[in-house]
Amino acid sequence: MSDFADADASSPDDYAFRRYLTAKTTVDDRALHGPTEARLETELADLSAARDRETPVRVLEVGAGVGTTLPRLLARDRLPGRVHYTLLDREAGNVEHARERLRAWGDRADTPVDRAEPDDPADDLRLSHDDGIVTVRFETADAFRFVADRAVDDPAYDLLLAQAFLDLIDLDDDLPRLLSVVADGGLIYAPITFDGETVFEPTPAGLRDEAVLDLYHATMDAPDRPGSSTTGRELLTALPACGCAILSAGASDWLVYPQGGDRPEAVAEGDDASTDKRSADATADQPPQDATELEQGGDERREEPPVPGVTATEIPEVETQRPPTDESHYHADEAYFCHHIVNTVESAVAEVLAGETSVDPTSADLTREDLRTWAETRHRQIDAGDLLYLAHNLDLLARVRR
Ligand SMILES: C[S@@+](CC[C@H](N)C(=O)[O-])C[C@H]1O[C@@H](n2cnc3c(N)ncnc32)[C@H](O)[C@@H]1O
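Residues numbered from 1 in each chain as written. Predicted model: local features only at pLDDT ≥ 70, side-chain atom pairs only at ≥ 80, totals over all residues.

The name that an unreviewed UniProt entry assigns to the protein is Class I SAM-dependent methyltransferase, with the source organism given as Salinirubrum litoreum.

Written out as structure tokens, the structure is:
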């Protein structure tokens, strides 16, 4: 299946965003903090062991996007035998894409997952594996409406999973609402939470990189927008303030850099680096074979879909997306990922300069021409295989106490 075979031509903006979410999968694969993932696995195994074999561990993933997290957890063998997994996103196209992805992934992954009863009338997907069954429920809903509809005095979930999501919410008001659906002694896992650093290199003399990135981060910190540019570190105090105990935390920085003209080899199944238990430093030099690579048929290039004009779901974008080239100097679809990030930054800062946000456009001495030059330079660097992109994120795992 092409990852975009189900793209809704009437929604080109969502389509581009879904391509971005898919393209970032290999970046996330490398970035995730191994010790925190390993602790998650242990905690889930303990929860599972403490109950009878028929009672599943209940997981709610909010802001699940195109559903890349569950295949990764399965590929890395992080889940216990019996799991009921609710995969929620407010965009119907994302949820539909996630459903197709999981069906295709279950078909393709030789072991331990295969598909059973795909046409369940309740719209569940059951993935059977050696140790048990993962039942997946797909929900198109606003996360806060969904949790409000659940009885606060009957918390339903053992794990709330929110990847690259909590930096979009107001921690004071929204975090307690999300936590209200987690059972006492349950868990919250928040991987890939942005934490305030964006780096593009190299930076030619005269390029207004600092001014652009300062304004970009300022848009995340604007008082009329939920979330902040330093959500990762803020969670280290916000979670305890909600009664949670941090169990593990660590950096999950995105690092994308050119591969020097050679595409990285897929790691053969059974090699140490491809085993399911990752160490923190199993990173970019040899990207591990993972859920994404299985989805993409190993090292083969994905068939490129036509790329429409881009407007991100959360931050409008202004520039037409350039098509990727066959000579991409980056792993998988990561050239597109970088173009999309540059586009996102440019669009957010353009809104500031146009006076369309609450951020003071005069707080940085930046002109529209400076911004255009910045974006054109960064796009050209990607095309030439010269650009390095780094973003600082944190992964957190905490136990919920009420
Ligand atoms: C940055 S993306 C991350 C997607 C996915 N977790 C990942 O890491 O690939 C954020 C996702 O949250 C979803 N989203 C944003 N606000 C939401 C809300 N209030 N309720 C449900 N989903 C939401 C968006 O549709 C988007 O898919």
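A separate point is the pairing of strand 6 (residues 157–161). Most of strand 6 sits out of view: five of its five residues are buried. Looking at chain direction, strand 1 (residues 57–61) and strand 6 are connected through three bridges and run parallel. Within strand 6, the residue paired with E61 across the bridge is L161. (Buried ≥ 20, exposed ≤ 12 C-beta atoms within 10 Å, placed from the backbone. Helix = DSSP H or I, 4+ residues; strand = E, 2+ residues; numbered from the N terminus. Pairing = 2+ DSSP bridges.)

This paragraph deals with the site of the ligand. Near the ligand lie 19 residues; those nearest to it are G63, G65, R90, A143 and A164. For the shell around the ligand, the per-class residue count stands at nine nonpolar, six polar and four charged. (Near = placed C-beta within 6 Å. Nonpolar A, V, L, I, M, F, W, Y, C, P; charged D, E, K, R; others polar.)

What follows is about helix 5 (residues 92–108). Its 17 residues give helix 5 an end-to-end C-alpha distance of 24 Å, which sits within 8% of 24 Å, the value for a rise of 1.5 Å per residue. Residues of helix 5 that are buried: G93, N94, V95, H97, A98, R101, L102, W105 and G106. (Expected span 1.5 Å × (residues − 1).)

Let's shift gears to the pairing of strand 2 (residues 83–89). Within strand 2, six of the seven residues are buried, leaving the element largely enclosed by the surrounding structure. In the sheet, strand 1 pairs with strand 2 via five bridges, with the strands oriented parallel. If you follow L60 over to strand 2, its bridge partner there is T86. Handedness of the crossover is the feature at issue here: the chain leaves strand 1, passes through helix 4 (residues 69–75), returns alongside strand 2, and the resulting connection is right-handed. The pairing of strand 2 with strand 5 (residues 132–140) spans seven bridges and is parallel. Directly across from D89, in strand 5, lies its bridge partner T140. (Right-handed = clockwise from strand over helix to strand, strands pointing away.)

Close contact between helix 8 (residues 209–221) and helix 11 (residues 334–353) brings their axes to 9 Å; oriented N to C, the two are set at 80°. By the angle between their axes, helix 8 is roughly perpendicular relative to helix 11. Across from V212, L215, Y216 and T219 in helix 8, the residues of helix 11 making contact are V345, A348, V349 and V352. Its residues assigned to classes, the contact of helix 8 with helix 11 shows seven nonpolar, one polar and no charged. (Axes fitted to C-alpha atoms, helices over the stretch in contact; angles between N-to-C directions. Parallel < 35°, antiparallel > 145°, perpendicular 65-115°, else oblique. Contact = placed C-beta atoms within 7 Å.)

The subject of this paragraph is the environment of F144. Along the chain, F144 falls in helix 6 (residues 143–148). Sequence separation between F144 and V62 is 82 residues, and the spatial gap between their C-alpha atoms is 9.4 Å.

A few words on the environment of V199. As for its position among the elements, V199 is in strand 7 (residues 182–201). The partly exposed category is assigned to V199, around which 15 C-beta atoms lie within 10 Å.

In most cases, non-glycine residues show a negative phi, while peptide bonds are predominantly trans. Between E201 and P202 the backbone carries a cis peptide bond, its omega angle lying at 0°. Within the secondary structure, P202 is located in the loop between strand 7 and helix 8. One non-glycine residue, A164, lies in the positive phi region at around 50°. Along the chain, A164 turns up in the loop between strand 6 and helix 7 (171–179).

Below, the discussion takes up the packing of helix 11 against helix 12 (residues 368–384). Two numbers describe how helix 11 lies on helix 12: the axes approach to 10 Å, and their chain directions differ by 180°. Here helix 12 runs roughly antiparallel to helix 11, going by the angle between their axes. Contact with helix 11, carried on its side by A335, C338, H339, V342, E346, V349, A350 and L353, involves R368, L371, A375, R378, H379 and I382 of helix 12 and no other residues of that element. In the contact of helix 11 with helix 12, the residues fall into nine nonpolar, two polar and three charged.

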